[in-house]
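# Chain and residue survey
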Amino acid sequence: MAITNNDIAAIFNRVADLLELSGGNEFRVRAYRGAAMSVASFSQSLADIIISGQEIPKLAGIGKDLEGKIGEIVKTGKLAQLKELESQVPTELIELTHLPGLGAKRVRLIYDKLGVKTIDALEKAARSEKIRAIRGLGEKTEKNILAEIEKRKGLQQNVRLIDAIKAAAPLVEYLKAVNGVTQVTVAGSYRRRKETVRDVDILVTCSKAKTVMDAFAAYPLVKQILAKGLKKTTVVLASGLQVDVRAVSESSYGAALVYFTGSKEHNVAIRKIGVRKKIKLNEYGVFRGKRRIAGKTEEDVYATVDLPWIEPELREDRGEIDAATSGNLPSIIELSDIQGDLHAHTTATDGRSTLEEMIEAAISRGYKYLAITEHTQHVTVAKGLEPKAMRKRLAEIEKAGQKYKEITILKGAEIDILGDGSLDLPEEILEELDIRVCAVHYKFNLTKEEQTSRILKAMENPWCQILAHATGRQINIRSGYEVDLPAIFRAAAQHGVALECNAQPARLDLNDLNLRAAKEAGAKFVISTDSHHTSELEFMQYGVWQARRGWLEKRDVLNSQSLKVLLSSLRKAPQAALSHK
DNA sequence: GCCGTTTTCGGCCCGACTGTTTTCAGTCG
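Residues numbered from 1 in each chain as written. Chains lettered and ligands numbered in written order. Predicted model: local features only at pLDDT ≥ 70, side-chain atom pairs only at ≥ 80, totals over all residues. Heavy atoms only, no water.

## Describing the pairing of strand E7 (residues 242-248)
Each regular strand carries side chains that alternate between the two faces of the sheet. Most of E7 is tucked away, with seven of its seven residues classed as buried. Covered by surrounding structure in E7 are Gln242, Asp244, Arg246 and Val248 together with Val243, Val245 and Ala247, the residues of both alternating faces. Sheet analysis places strand E4 (residues 199-206) next to E7, joined by seven bridges and oriented parallel. The partner of Leu203 across the bridge, within E7, is Arg246. Strand direction decides the pairing type here: strand E6 (residues 232-237) and E7, joined by five bridges, are antiparallel. The partner of Thr234 across the bridge, within E7, is Asp244. (Buried < 20%, exposed > 50% of the residue type's maximum accessible area, 1.4 Å probe, protein only. Helix = DSSP H or I, 4+ residues; strand = E, 2+ residues; numbered from the N terminus. Pairing = 2+ DSSP bridges.)

Next up, the structure:
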């Protein structure tokens with residue numbers, strides 16, 4: 001299997017980890033980490049480019065040396081330099097640096113003094129009070145190490161955005177009620193709408209920061225206070241979610257919001273522009289010498305580095321700064337652009353709302369159209385319909401649809417892609433459908449090659465209009481099946497199969513980078529909720545957020561168009577459908 | 001190791017908090 005960009009990035013990150021542990025130059029370490037970021041977020045396969053004999057495009061943070069190393073990795077599958085480092089530094093130490101509070105310097109120090117290489121050995125050393133004996137460390141650090149090891153045992157992973165939103169809402173209300181507070185804004189990866197967040201960062205503007213810090217620390221759901229200062233407090237809530245609150249004055253709001261929204265890489269990039277222009281950006285404002293030249297709004301702050309305001313979802317240092325500089329920022333899609341939903345189930349299969357309830361919920365959202373897409377027979381766990389029952393259901397959908405003037409109800413199906421790549425409905429029923437959504441629901445364990453050729457075969461089928469669940473993942477539950485996504489994206493562009501950006505907050509089958517790569521490959525999209533209840537139609541927002549992170553614009557998303565344009569943009573169903581029967 | 005409106009060397013984003021030591025290093029975001 002060819003080397004992926006992620007493989008290259010992983011090697012560079014490992015080099016950075018080991019260089020850092022061996023006490024290497026910190027800027028050199030940073031260069032490897034930056035290169036890893038750059039490679040991982042590049043949308044085309046570097047291996048493909050090199051193997052086909054083309055020039056590697058100029059990537060930020062990659063110079064002659066690292067370009068050569070990318071070539072070495074692609075050609076040999078490994079990097080000699082990494083092997084060398086691995087023979088010099090115990091690789092187990094990398095794991096230790098992942099403990100909060102322990103960085104490369106302390107891990108190295110503990111290793112040099114005590115020979116500690118593993119978490120178990122570290123725990124033993126801490127329990128026998130050997131850590132505190134090391135000069136530079138102490139009793140507190142030793143206790144913190146033990147606490148972190150304990151915490152690891154009940155590992156807290158990143159939480160899904162939807163869960164962070166639910167946890168943050170009451171806390172935001174609580175903080176708004178604190179005396180002197182004027183604004184409460186959730187920033188961080190939450191504001192950038194990442195699919196999962198590590199913690200929740202809340203920015204508060206107020207007259208007296210100390211009052212806010214005290215009130216926050218006293219919030220009833222706080223389980224543990226990790227740090228508490230005059231301007232910044234970090235706690236863990238009873239749910240395990242970490243929350244940071246940062247207080248600034250009203251006049252610093254914009255600068256603080258930019259700083260606190262991140263990403264870190266985006267901030268570093270704009271501060272570097274600042275350095276070139278001899279101005280300093282921090283969370284309090286923008287400064288030329290001692291003089292403060294901006295800070296109240298985000299627009300003001302960006303203007304000082306000659307940039308327009310940038311949508312939070314784009315702030316990942318993945319090309320948005322160049323795009324902003326050259327006036328080429330994408331005009332990313334908005335929730336209000338969405339005109340209908342193209343993937344929904346009802347009580348006829350595994351949904352929990354009736355057909356009429358779903359239609360009325362879609363109307364109340366102002367939709368122009370809604371596709372009802374019941375499962376087909378192979379998906380027995382979801383009570384998938386066998387052809388006869390499907391035909392009956394389609395008649396019911398048509399009849400119900402006629403009762404409503406304000407919306408068009410499309411007869412659809414979520415057609416199972418069978419193990420051999422064929423579709424789980426006979427042609428005479430495929431022909432009756434207005435819209436055909438195809439997806440894999442079983443045999444997740446095929447090899448990457450097998451899974452890819454199975455799905456490609458389905459996409460070559462002229463009836464396949466939309467590919468749903470391109471990865472089958474469930475966030476924090478399962479990673480999805482092995483599949484060659486770039487090949488799927490190319491096929492989508494070639495055959496005119498729209499890719500579904502699944503909006504279920506626990507699914508979001510295609511991630512931000514996938515969406516962007518697919519767009520660059522020339523694919524079109526639909527954003528669909530895959531609703532099983534009227535309340536899930538609201539999940540459209542999560543799909544739109546993910547699409548925005550993938551740089552999708554209105555014109556890329558077919559269900560942001562009128563019904564007429566949507567139907568004419570979907571792949572044409574075969575005319576003489578049954579001719580080769 | 002990268003990079004250049006201080007351009008082939010000498011910089012490399014910036015500040016808060018903790019714990020340690022007593023002025024600062026380490027870690028984090």
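## Quick notes on the packing of helix H20 (residues 448-460) against helix H21 (residues 485-495)
Angle between the axes and distance between the axes: these two values describe a pair of packed helices. Taken N-terminus to C-terminus, the directions of H20 and H21 make an angle of 10°; their axes are 10 Å apart at the nearest point. Taken as axis vectors, H20 and H21 run roughly parallel relative to one another. Two secondary-structure elements touch here, H20 through Thr452, Ile455, Leu456, Met459 and Glu460 and H21 through Ala487, Ile488, Ala491, Ala492 and His495. Classifying every residue of the contact of H20 with H21 by side-chain character gives seven nonpolar, two polar and one charged. (Axes fitted to C-alpha atoms, helices over the stretch in contact; angles between N-to-C directions. Parallel < 35°, antiparallel > 145°, perpendicular 65-115°, else oblique. Contact = heavy atoms within 4.5 Å. Nonpolar A, V, L, I, M, F, W, Y, C, P; charged D, E, K, R; others polar.)

## Concerning the packing of aromatic side chains
One pass over the structure, following the stated rule, counts six aromatic pairs. Here Phe539 and Tyr542 contribute two aromatic rings whose centre-to-centre distance is 6.2 Å and whose plane-to-plane angle is 85°, an arrangement assigned as edge-to-face. Here Phe539 and Tyr542 have matching classes, each one buried. Taken together, a centroid distance of 5.2 Å and an interplanar angle of 80° make the contact between Tyr542 and Trp545 edge-to-face. Note that Tyr542 and Trp545 are positioned in helix H23 (residues 540-549) at a spacing of three residues, about one turn of the helix. Overall, the relative accessible area of 12% leaves Tyr542 in the buried class. We classify Trp545 as buried; its relative accessible area is 12%. (Phe/Tyr/Trp six-rings, centres within 6.5 Å; stacked < 30°, edge-to-face > 60°.)

## With respect to the protein's contact with DNA strand B
Of all residues adjacent to DNA strand B, which total 49 residues, the nearest are Arg30, Gly101, Gly138, Arg198 and Arg271. Close to the protein, within 4 Å, the atoms of DNA strand B belong to sugar or phosphate groups at a rate of 77%. At 3.1 Å from a phosphate oxygen of DNA strand B is found a side-chain nitrogen or oxygen belonging to Thr141. Note that a base oxygen of DNA strand B is positioned 2.2 Å from one of the side-chain N or O atoms of Arg271. At the level of secondary structure, the elements contributing two or more residues to the surface near DNA strand B comprise helix H2 (26-40), helix H4 (64-76), helix H7 (104-114), helix H9 (139-153), strand E5 (222-228), helix H14 (264-276) and strand E8 (280-282). For the surface near DNA strand B, the element with the highest residue contribution is H14, accounting for six residues. (Near = heavy atom within 4 Å. Polar contact = N/O pair within 3.5 Å; in protein donor to acceptor, adjacent residues only side chain to side chain.)

## Observations concerning the domain arrangement of chain A
The domain architecture assigned to chain A consists of domain 1 (5-153), domain 2 (159-247), domain 3 (252-325) and domain 4 (335-579). Centre-to-centre separation of domain 1 and domain 4, based on C-alpha positions: 41 Å. (Domains from an automatic or database assignment.)

## Considerations on the pairing of strand E10 (residues 291-294)
Sheet topology note: the strand E9 (residues 285-288)/E10 ladder contains three bridges and is antiparallel. Bridging across to E10, Phe287 finds its partner in Arg292.

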